[in-house]
Amino acid sequence: MREGAHGGRIAAYPAEESSRVATRRPPGPFRDRPRRVGRKSTTREPIIQEPESYEPGDTVDSTSEATRRDAGVTESARANRGWWDRNADEYQVEHGTFLGDDRFVWGPEGLDEVEAELLGPLEELKDKDVLEIGAGAGQCARWLAAQGARPVALDLSHRQLQHALRIGGSFPLVCADASALPFADGSFDLACSAYGALPFVADPRLVLREVRRVLRPGGRFVFSVTHPIRWAFPDEPGPEGLSVSSSYFDRTPYVEQDEQGRAVYVEHHRTLGDRVRDVVASGFRLVDLVEPEWPAWNTSEWGGWSPLRGSLLPGTAIFVCERD
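### Notes on the pattern of salt bridges
Pairs can form between side chains of opposite charge whenever their charged atoms are close.
Point 1. This model, assessed by the stated rule, comprises 18 salt bridges.
Point 2. Note that Asp-250 and Arg-68 form a salt bridge whose closest N and O atoms lie 3.2 Å from each other. In this pair, Asp-250 is assigned in the loop between strand E7 (215-226) and strand E8 (254-257) and Arg-68 in strand E2 (residues 65-68), connecting sequence segments 182 residues apart.
Point 3. Among the residues examined, Asp-250 registers a relative accessible area of 28% and is labelled partly exposed.
Point 4. Residue classification places Arg-68 among the partly exposed positions, given a relative accessible area of 33%.
Point 5. In this structure, Arg-216 engages Asp-189 in a salt bridge whose closest nitrogen and oxygen atoms are separated by 2.9 Å. Residue Arg-216 is located in strand E7, and its partner Asp-189 is located in strand E6 (residues 188-194); the two are separated by 27 residues in the primary sequence.
Point 6. Judged by relative accessible area, Arg-216 falls into the partly exposed class, the value being 26%.
Point 7. Taken together, the shared-partner salt bridges connect Asp-127, Asp-129, Arg-150, Asp-189 and Arg-216 into one network.

### Topic: the side chain of Asp-274
Point 1. In this structure, Asp-274 sits in helix H6 (residues 272-281).
Point 2. On the accessibility criterion, Asp-274 (7% relative accessible area) is buried.
Point 3. One polar contact links Asp-274 to Arg-277, side chain to side chain, over a distance of 3.1 Å.

### Quick word on the pairing of E8
Point 1. Taking every second residue as pointing to the same face, both faces of E8 are buried, with Tyr-254 and Glu-256 on one and Val-255 and Gln-257 on the other.
Point 2. The sheet contact formed by E2 and E8 spans four bridges and is antiparallel. Looking at E8, one finds that Arg-68 is bridged to Tyr-254.
Point 3. Alignment of E8 against strand E9 (residues 263-267), held across four bridges, turns out to be antiparallel. Paired with Val-255 across the bridge in E9 is Val-266.
Point 4. Between E8 and E9, which follow one another and run antiparallel, lie five residues, and Gly-261 among them has a positive phi close to 80°.

### What about the nonpolar core?
In summary, soluble globular proteins display a tendency toward joint burial of nonpolar side chains.
Point 1. Among the nonpolar cores identified, the biggest contains 27 residues, and Leu-131, Phe-183, Val-211, Phe-221 and Phe-223 are the most heavily contacted of them.
Point 2. Looking at this core, the elements with two or more residues in it are strand E3 (129-133), strand E4 (150-155), E6, helix H5 (204-214), E7 and strand E11 (316-323).
Point 3. Those residues in contact with Val-211, other than ones at most four positions away along the chain, are Ile-133, Leu-181, Ala-191, Phe-221 and Phe-284.
Point 4. The next biggest cluster of nonpolar side chains, apart from the first, holds 17 residues, and it includes Phe-104, Val-290, Ile-318 and Val-320.

Procedures and definitions
Per chain, the residues get numbers from 1 upward, laid out in the order the sequence is written. Since the coordinates come from a predicted model, pLDDT governs what is reported: local features require at least 70, and pairs of side-chain atoms require 80 or more to be given and counted, while whole-chain, interface and lining totals use all residues. Excluded from the side-chain calculations are hydrogens and water; all other atoms, namely the structure's heavy atoms, are used. Whenever a carboxyl oxygen of Asp or Glu lies within 4 Å of a side-chain nitrogen of Lys or Arg, that contact is scored as a salt bridge. Working definition: helices are DSSP H or I runs of at least four residues, strands are E runs of at least two. Numbering for both runs from the N terminus. Buried, partly exposed and exposed residues are distinguished by accessible area as a fraction of the type maximum, computed with a 1.4 Å probe on protein chains only: under 20%, between the cut-offs, and over 50%, respectively. Two N or O atoms form a polar contact when they lie within 3.5 Å of each other; inside protein one atom must be a possible hydrogen donor and the other a possible acceptor, and for residues adjacent in sequence the pair counts only when both atoms belong to side chains. Each pair of strands is called paired provided DSSP finds at least two bridges between the two strands. Residues belong to a common nonpolar core when they are buried Ala, Val, Leu, Ile, Met, Phe, Trp, Tyr or Cys residues joined through side-chain atoms within 4.5 Å. The contact rule is simple, with two residues in contact once any of their heavy atoms fall within 4.5 Å.

Encoded structure:
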């Protein structure tokens, strides 16, 4: 089932070589998705011993250009792999304490799987094989392991998985593209993704069909993404983020590119209807669509998320899908 994946090691599968061009931080949600404060990370400065060939350079590049243009499957994967490899350290230093080591939160609003039980009742997670896609440092997978499940944490970024290795855990870490999952058919009971992969792929149906393939009959896939309505508004937490600035129906990707026009970060937009059609066309049955409300206890501002905007606009959409 988990060929090449072993607890305590990162199993890497062949992928496009990532660009080394540094970028400024994008406005997208995955970078700044907050988690409800839980158990604190025990390592505030996540220092990892570097091989000599690793040259992260500056994580911010003021010369990168933000634009809207087409970006295909290969270009998007290469750009986003490179961006996360370069920016994983900064992300973990900036957000590691707030994220904790073993929380499972679906989005900026702070909806916790302990309360939501979107994957199913907590007592039924024991002994389930679970695939987390876009796992980052493996916080959700670590929480699943604590419930008695057998998680596998998969991410496109090798550097993010190094942070999962730093924090620790006995579950396998796999570095691979979500559109080509390196697992046999019917390997998992459940799959999940909290702001991972789907906002960043040019063809989400490739990912959805792969997830369905590796799920067993009756398996459930739950994934969260930025609520599609947010695409029409500026990515600002204050009043300036409350006025429509672009068309909700414009699917042209957001791209940051270097001086040679090479994409160094890509984020793709799908309308709510697109997401539903993608799920159904990929062979899933949509059983729930959750739009978490912003809770009174959450006073944080992360990127374009804030109590002001959260009280007026949905920020996250969570799709609960099942394979018949």
